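For reference, the chains in residue letters:
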Amino acid sequence: MPIRIAKIAVSAATYSIDKPYDYLVPEPLADSIRVGSRVSVPFGKGNRTCEGVVLAIEQSSEIGSLKSVLASLDRENVLTPAQIRLALFMRERFFCTVYDAVRVMLPAGLWFDAEGRRKANDKTVEIASLALSSDEAEALVEAKRLRSPQQAALLDLLCCFDSLPVRDMLVHTGAKRSSLAALCKAGAVELGEREVYRRPKITASEMRPLPTLNESQQQAFDGLQALIKDDKANAALLFGVTGSGKTSVYIRLIDSVLQRGQGAILLVPEIALTPQMLETFSAHFGEQIAVLHSSLSIGERYDEWKRVKRGEARLVIGTRSAIFAPVEDLGILIIDEEQEETYKSENTPRYDAREIAKYLCARSRALLLFGSATPQIVSMYSAKKGSYHYFELKERFNEQELPSVEIVDMKRELRRGNNGDISSLLRDELQSNIERGEQSILFINRRGASKLVSCGECGFTYRCPNCSVSLTYHSARRRLMCHYCGYSQRVDAACPSCGGELRYIGSGTQHVEEELHELFPETEILRMDTDTVAPVGSHEKLFDRFRSENIPIMVGTQMVTKGLNFENVTLVGVLNADQSLYSGDYRAGERSFSLITQVVGRSGRGSKPGRAVIQTFTPQNQTILQAARQDYEDFYSSEIELRKLQNAPPFADRYTITASGAQEEQVEWAIRYVCDLLRLSAAEIPGTVVLGPAPLPVVKVNNRFRHRVNIYGIDSAAIRKAVSAAVIECSRDKRFRSVSIFSDHDPSD
């Protein structure tokens, strides 16, 4: 047999030494080791055993003495050649190792625990089936009906079905296991096993016909369907005001793709949105849907992945990681609410699902559709210059007007003696809604009760011992918490420094909820934030309660701003609207405009007209005025000019290199070294600018200091190579052993 050399991506290889390593394939393993399968190999001077994935198999190697593969870990290959190419693309694009890319592509159930056992195995149930013909079985039923009624009941049930789960048979008939054993011994029944899927719960609904489209929806659908039939890679932006019926267009497009025998992926930004989306889509596509998101159990996620891989589910709906679903012959990939930051991973590998989507659609010659009422500035710029096809839905589907909006100056409220979170106008509007039996949503982009607790006499403020931030007060348990590392402690009765009176400054969802209870003591109020939706599926239960029980008021964070459709919601209140305007990020205006516009759009989606109240301390702020008018075009015009002055995306791409470590002096030393390397490289790349180094806005998180360098320039292989080289050079330098160095493309922080 000829020599076989496996090119393997090894899990123990860091980014600075990541490459395909050559291993000899032993003859006993020759048939079980294939491209795309995982193996166990020795690595490094100590021959430490670690996992690897086979990228290619060749007949020769330039290395003289090779180590051998120790074992094969898979019965069949878990990665296709297309997925291996995707992993290589991710390494180059997102500065990660190939193995890091593979890890995020495969479900957690396929990986192994510390003892080498698979985290999830195929679930099977015991099945009983007839070993006789139907006539023989029926005759035996009559013969046993008097002497062995339990055996007769079991046989009678099996005569009606080809096979049944044993457990269900015994429960249904009340028979004992011994009766079934007697039938097996007599040769009348055979036992076996059948694989079953662990499926997430999807709210059942009757199958419905495809939605009827209005004129503007039909025009968008016709244009997008033509792009699908074009059989080449296309990208399009569907811009539609809130409530314009983008979902109906998605359904019709997906149906046309499935009718062609192709697959589809629909990404949504939040797990909280998937139940509502699933309920809508399951009414049209039934068992063809697979759902993938991080709130599923390991077994459910593994089984949903298997259904997709086997072609049993051709429509995948999920959050960011669903982009890696092994859909064959992809026809359309839809990214709903494409402006959301949740499509960008903050952990290694720091991938952007939108970039992965572009790659997949280019390789599959599929349609990539971005949908939003507030698209990214970058996406709209691409549409206006012709890189994306552009379609627009200008009116709401039910022909209702957009909500009327009132802006309240909270400085004036303070002068009137109202120092609460609810303005007099919003209080009156809430009272009117309660009296009419209509519902209201209040949005504030901070959880907890108070932003900080401070002493009015000595100025003492509670701060996290692990992070450079103040602690947030949570009134439910009277605890102070850090929202970065999770540290918590009880609040003191008086200032621990001087004994003075403590003051609670700033507001969050808990504080607003308490104020609402004081204003409307007889009214039920529902709170939606990460403190109330921690258990799996609890967000779905809360939304169901809000709808079915007609709860008058729901107050929440970002999870109430998008994708939700409650017909009885006629009032939206935005509290502290200018909170996110001054973060220092070039996207601050874009984020604020999107949040306000999206949450205002939750109002008036049914037959009743909607209203909104925006509370702000800067009522003349241009972004807030544009959001109040729902005027995206005006916002885009002003924002694109600002981006041009800043040389920010879309006029230049932004890359970052971050250094983190326990000793700030070491971190500063390392990041200055990186900065010097980058400036040398940037001198040879036209239009490239290096800014920094500088500490991050929150410089210390979990006892690690963080400093960063920013690189602005036109995206190219040259700039990515320079960034990669700087990371590798610094990582290999022994002076910086205690410092972690990583790079990213346009991070959200």
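Our structure is the block above this text.
All of these numbers come straight from a predicted model, not from anything done at the bench.

Chemist: Requested: an account of the overall build of the chain, with residues and values cited.
Modeler: Check the secondary structure of the chain and you find 21 helices and 30 strands. Relative to the 2.2 N^0.38 estimate, which gives 27 Å for 749 residues, the radius of gyration of the chain is 30 Å and therefore close to what a compact globule would have. For the chain, the residues scored as buried account for 53% of the 749 residues in total. Put simply, of all contacts in the chain between residues at least 6 apart along the chain, 74% involve residues at least 24 apart. Carbon and sulfur atoms provide 48% of the accessible area of the chain, an area that totals close to 33,800 Å². In the chain, which carries 93 positive and 95 negative side-chain charges, the distance between the mean positions of the two groups comes to 5 Å.

Chemist: How would you explain the nonpolar core if you had to name every residue and give the values?
Modeler: Taken as a class, soluble globular proteins show a tendency for nonpolar side chains to be buried jointly. If you look at the biggest cluster of nonpolar residues, it comprises 89 residues, and the most contacted ones within it are Leu86, Met90, Ile323, Leu333, Ile356, Met554 and Val574. Once residues within four sequence positions are removed from consideration, Ile356 is found in contact with Leu86, Phe89, Met90, Phe94, Ile323, Phe324 and Tyr351. Among the nonpolar cores identified, the runner-up in size contains 33 residues, and Leu213, Phe221, Ile251 and Leu258 belong to it.

Chemist: Could you give me a rundown of the sheet that holds strand S21 (residues 488–490), with the residues and numbers involved?
Modeler: Note: strands within a sheet are paired through backbone hydrogen bonds, in either parallel or antiparallel orientation. If you walk across this open sheet you meet the three strands as S19-S20-S21, and the pairing is antiparallel. Since the sheet does not close on itself, it has two edges, and those belong to strand S19 (472–474) and S21, each with one partner. Strand-to-strand twist across the sheet, computed as the mean angle between neighbouring axes with direction ignored, equals 30°. Where S19 meets strand S20 (residues 479–481), three bridges bridge the pair, whose relative direction is antiparallel. Along S20, the bridge assignment pairs Thr472 with Met481.

Chemist: Go over the side chain of Glu355 with me, naming the residues and quoting the values.
Modeler: For Glu355, the location among the structural elements is in helix H11 (residues 353–364). Its relative accessible area of 16% is what places Glu355 among the buried residues. Separated by 3.4 Å, the side chains of Glu355 and Arg93 make a polar contact. Excluding anything up to four places from it in sequence, Glu355 contacts Phe89, Arg93 and Phe94.

Chemist: Quick one: what's the story with the sheet that holds strand S14 (residues 367–372), residue by residue and with numbers?
Modeler: With parallel pairing, seven strands are arranged side by side in an open sheet as S11-S12-S10-S13-S14-S9-S15. Among the strands making up the open sheet, the edge pair consists of strand S11 (289–292) and strand S15 (389–393). Neighbour-to-neighbour, the strand axes of this sheet turn through a mean angle of 15°, independent of strand direction. Sheet analysis places S11 next to strand S12 (residues 315–318), joined by four bridges and oriented parallel. Bridge pairing in S12 places Ala290 opposite Val316.

Chemist: Quick rundown of a negative patch on the surface? Include the residues and the values.
Modeler: Side chains of Asp135, Glu136, Glu138 and Asp156 sit close together on the surface and give a patch of like negative charge. Here the element with the most residues in the negative patch is helix H3 (residues 134–144); it accounts for three residues. We classify Glu136 as partly exposed; its relative accessible area is 46%.

Chemist: Lay out the packing of helix H12 (residues 377–384) against helix H19 (residues 632–646) in plain terms, naming residues and giving numbers.
Modeler: Their axes nearest at 11 Å, the elements H12 and H19 cross at an angle of 95°. Relative to H19, the element H12 is oriented roughly perpendicular. Each of Ile377, Met380, Tyr381 and Lys384 in H12 lies in contact with H19, whose residues at this interface are Tyr632, Glu633, Phe635, Tyr636, Glu639, Ile640 and Arg643. Looking at the contact of H12 with H19 residue by residue, the class counts come to seven nonpolar, no polar and four charged.

Chemist: Could you give an account of the layout of surface pockets, with specific residues and numbers?
Modeler: The computed volume of the second largest pocket comes to approximately 1,100 Å³. Taken together, 34 residues line the second largest pocket, and the ones lying closest to its centre are Thr247, Ser248, Thr280, Asn565 and Arg605. Only helix H8 (246–259) and helix H9 (274–285) provide two or more residues apiece to the lining of the second largest pocket. Ranked by residue count, the leading element in the lining of the second largest pocket is H9, at five residues.

Chemist: Go over the packing of helix H4 (residues 149–160) against helix H5 (residues 166–173) with me, naming the residues and quoting the values.
Modeler: The relative placement of two packed helices is expressed as an angle between their axes plus a distance between the axes. Look at H4 against H5: their axes get within 10 Å of each other, and the N-to-C directions meet at 120°. When the interaxial angle is binned, H4 and H5 end up oblique. Like other packed secondary-structure pairs, H4 and H5 cross with a definite hand, here right-handed. Across the interface between the two elements, Ala153, Leu154, Leu157 and Leu158 from H4 touch Met169, Leu170, His172 and Thr173 from H5. Grouping the constituent residues of the contact of H4 with H5 by class yields six nonpolar, two polar and no charged.

Chemist: Break down the packing of aromatic side chains for me, citing the residues and quoting the values.
Modeler: The tally for this structure, following the rule as stated, stands at 21 aromatic pairs. Here the aromatic rings of Phe593 and Phe635 are separated by 4.3 Å at their centres, their planes lie at 0°, and the arrangement is stacked. Separated by 42 residues along the polypeptide, Phe593 in helix H17 (residues 588–600) and Phe635 in helix H19 bring together distant segments of the chain. The residues Phe593 and Phe635 share a single accessibility class, namely buried. Taking NZ or CZ as reference, Arg103 lies 4.3 Å from the ring centre of Trp111, over its face.

Chemist: Report on unusual backbone geometry, specifying residues and quantitative values.
Modeler: A cis amide bond links Thr348 to the next residue, Pro349, at an omega of -5°. By the element assignment, Pro349 lies in the loop between strand S13 (330–336) and H11. Phi at Asn703 takes a positive value of approximately 65°, unusual for a residue other than glycine. With respect to the helices, strands and loops of the structure, Asn703 is situated in the loop between strand S28 (689–701) and strand S29 (704–713). A residue is classified by how much of its surface remains accessible, and Asn703, at 37% relative accessible area, is partly exposed. With a phi angle near 50°, Asp746 is a residue other than glycine that sits in the positive phi range. Tracing the chain through its elements places Asp746 in the segment after strand S30 (740–745). Judged by relative accessible area, which is 16%, Asp746 ranks as buried.

Chemist: Please give an account of empty space enclosed by the protein that cites residues and values.
Modeler: Per the counting criterion, the structure on display carries three cavities of 30 Å³ or more. Quantified by volume, the largest cavity comes out at close to 70 Å³. If you trace the largest cavity, you find it lined by Phe443, Asn445, Val574, Leu575, Asn576, Ala577, Gln579, Ser580, Ser592, Leu595 and Ile596. When residues of the lining of the largest cavity are assigned to their parent elements, the largest contribution, three residues, is made by H17. Tallied by class, residues from the lining of the largest cavity come to six nonpolar, five polar and no charged. Size it by volume and the second largest cavity reaches roughly 50 Å³. Lining of the second largest cavity is provided by Leu227, Ile228, Asp231, Lys232, Arg260, Gln262, Gly331, Arg365, Ala366 and Leu367.

Chemist: Run through helix H2 (residues 98–105), naming residues and quoting values.
Modeler: One turn of the α-helix equals 3.6 residues, which is why residues spaced by three or four share an orientation. What H2 keeps buried is the set Val98, Tyr99, Ala101, Val102 and Met105. Taken end-on, H2 shows its buried residues confined to a sector of 155°, consistent with a single buried face. Looking at the packing, one finds that the buried side of H2 touches strand S1 (5–10), strand S4 (48–58), helix H1 (81–94) and helix H10 (298–309).

Definitions and cut-offs
- Residues numbered from 1 in each chain as written.
- Predicted model: local features only at pLDDT ≥ 70, side-chain atom pairs only at ≥ 80, totals over all residues.
- Heavy atoms only, no water.
- Helix = DSSP H or I, 4+ residues; strand = E, 2+ residues; numbered from the N terminus.
- Rg over C-alpha atoms; globule rule 2.2 N^0.38 Å.
- Buried < 20%, exposed > 50% of the residue type's maximum accessible area, 1.4 Å probe, protein only.
- Contact = heavy atoms within 4.5 Å.
- Areas by Shrake-Rupley, 256 points an atom, 1.4 Å probe, with all protein chains shown as cover.
- Lys, Arg positive; Asp, Glu negative; His and termini not counted.
- Charge placed at Lys NZ, Arg CZ, Asp CG, Glu CD.
- Core = buried A, V, L, I, M, F, W, Y, C linked by side-chain atoms within 4.5 Å.
- Pairing = 2+ DSSP bridges.
- Axes fitted to C-alpha atoms, helices over the stretch in contact; angles between N-to-C directions.
- Polar contact = N/O pair within 3.5 Å; in protein donor to acceptor, adjacent residues only side chain to side chain.
- Patch = residues over 30% accessible without salt bridge, like charges linked within 9 Å, V, L, I, M, F, W, Y side chains within 5 Å.
- Salt bridge = Lys/Arg side-chain N within 4 Å of Asp/Glu carboxyl O.
- Parallel < 35°, antiparallel > 145°, perpendicular 65-115°, else oblique.
- Nonpolar A, V, L, I, M, F, W, Y, C, P; charged D, E, K, R; others polar.
- 1 Å grid on protein atoms, 1.4 Å probe; cavity = no way out; pocket = protein on both sides within 12 Å on 5 of 7 lines; lining within 4 Å.
- Points joined across faces, edges and corners; volume = space filled by probe spheres on them.
- Left-handed = near helix turned anticlockwise from the far one by under 90°.
- Phe/Tyr/Trp six-rings, centres within 6.5 Å; stacked < 30°, edge-to-face > 60°.
- Lys NZ or Arg CZ within 6 Å of the ring centre and 35° of its normal.
- Arc of directions from axis to C-beta.

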